[in-house]
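Residue-level structural notes
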Amino acid sequence: MTIKKSFKSKIVYRTVMLALLMVGATLTSKAQVAFSVSPGLGLNSAYVGYNVSPKFMPFVSFQYMGFSSNYTSSYTDWDFDNNVAKNFTYADKVTGSIMLPGVGVKYFLANQNKIKTYATLSVTKPIISAKYEEDGVVNEEVEDLVKSVKSLGTEVGFGAEYFFDNNFSIGGEFGFRMLSGSLEERYDDEYYDPNQGEYIASESVYTSKGSLNPTYTKFTLNFYFLRGAK
């Protein structure tokens, strides 16, 4: 069976959309410890943790990014209904957001004077929403596509902090991000059976999977309100 041209175009379109959403979801930079912020060029963020022991700290994190894009074109063409030249305008608008709630753990490895090294492991679940308007008309196909995307991110990092006192430190971190995503859509279709001389109902299934594994570096500002560093 030969896949129809329209179905092929949908495959290309959805593959591009999945790739763009995954790239957006990997522009993350979570923070550190009891309360921490990570300024940078990606998604600036923070998380809150609790020191259950001098070496072990679970945390919860949250990141958010909103985006929008507008495209407008204007051209002149002949209006055959009114038999005059007419100026036409066309506008596209895309809006959306990516929320990244996550959980993780931070484990302090060793102390050297005022410097502490650590390792982190976290899991993030991207929540993506998007709206596409074509000349004022909402394209529901795009909304359905975004809803069908399933993705999950993990992050493993190693860093060090310099403690000015028990409640404040600055640090640097290097690590690996791993994000996987997939979507599946099903369409009612048909094929022609020459033996029966008629079209037979069938189903076409589209599945796309992808992954990204970038490295990252970040600078952190860390505030310990509960248990100071020992």
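In this convention, every chain numbers its residues from 1, walking through the sequence in written order. This being a predicted model, a pLDDT of at least 70 is required before a residue's local features are given, and a value of 80 or more before pairs of side-chain atoms are given or counted; all residues contribute to the totals for chains, interfaces and linings. Calculated side-chain values reflect all of the structure's heavy atoms, with hydrogen atoms and water omitted.

Some details on the sheet that holds strand S4 (residues 64–79)
Rules: Only when DSSP finds a minimum of two bridges between them are two strands counted as paired. The helix and strand labels rest on DSSP assignments: H or I over at least four residues marks a helix, E over at least two residues marks a strand, and numbering proceeds from the N terminus. Here, residues are in contact when the closest pair of their heavy atoms is within 4.5 Å. To get an axis, fit a line to the C-alpha atoms, keeping to the stretch in contact for a helix; angles then go from 0 to 180 degrees between the N-to-C directions.
Overall, antiparallel pairing links the four strands, which are arranged S4-S5-S8-S9 in an open sheet. Whereas interior strands pair on both sides, the edge strands pair on one side only; in this sheet they are S4 and strand S9 (137–138). When strand S8 (residues 127–134) meets S9, the two strands line up antiparallel, connected through two bridges. Across the sheet, residue Glu133 finds its bridge partner in S9, namely Val138. Packed on one face of the sheet, helix H2 (residues 140–148) meets S8 and S9 and runs near 170° to S8.

Regarding unusual backbone geometry
Operational definition: Burial classes follow relative accessibility: with a 1.4 Å probe on protein chains only, a residue under 20% of its type's maximum area counts as buried, one over 50% as exposed, and anything between as partly exposed.
One non-glycine residue with positive phi stands out, namely Asn83, at about 60°. Relative to the helices and strands, Asn83 resides in the loop between S4 and strand S5 (84–99). Overall, the relative accessible area of 55% leaves Asn83 in the exposed class. Even without a glycine there, the phi angle at Asn113 is positive, about 60°. Here Asn113 shows up in the loop between strand S6 (102–112) and strand S7 (115–124).

Quick word on the pairing of S4
Summarising the sheet, S4 and S5 pair through 16 bridges and their orientation is antiparallel. Bridge pairing in S5 places Tyr64 opposite Met99.

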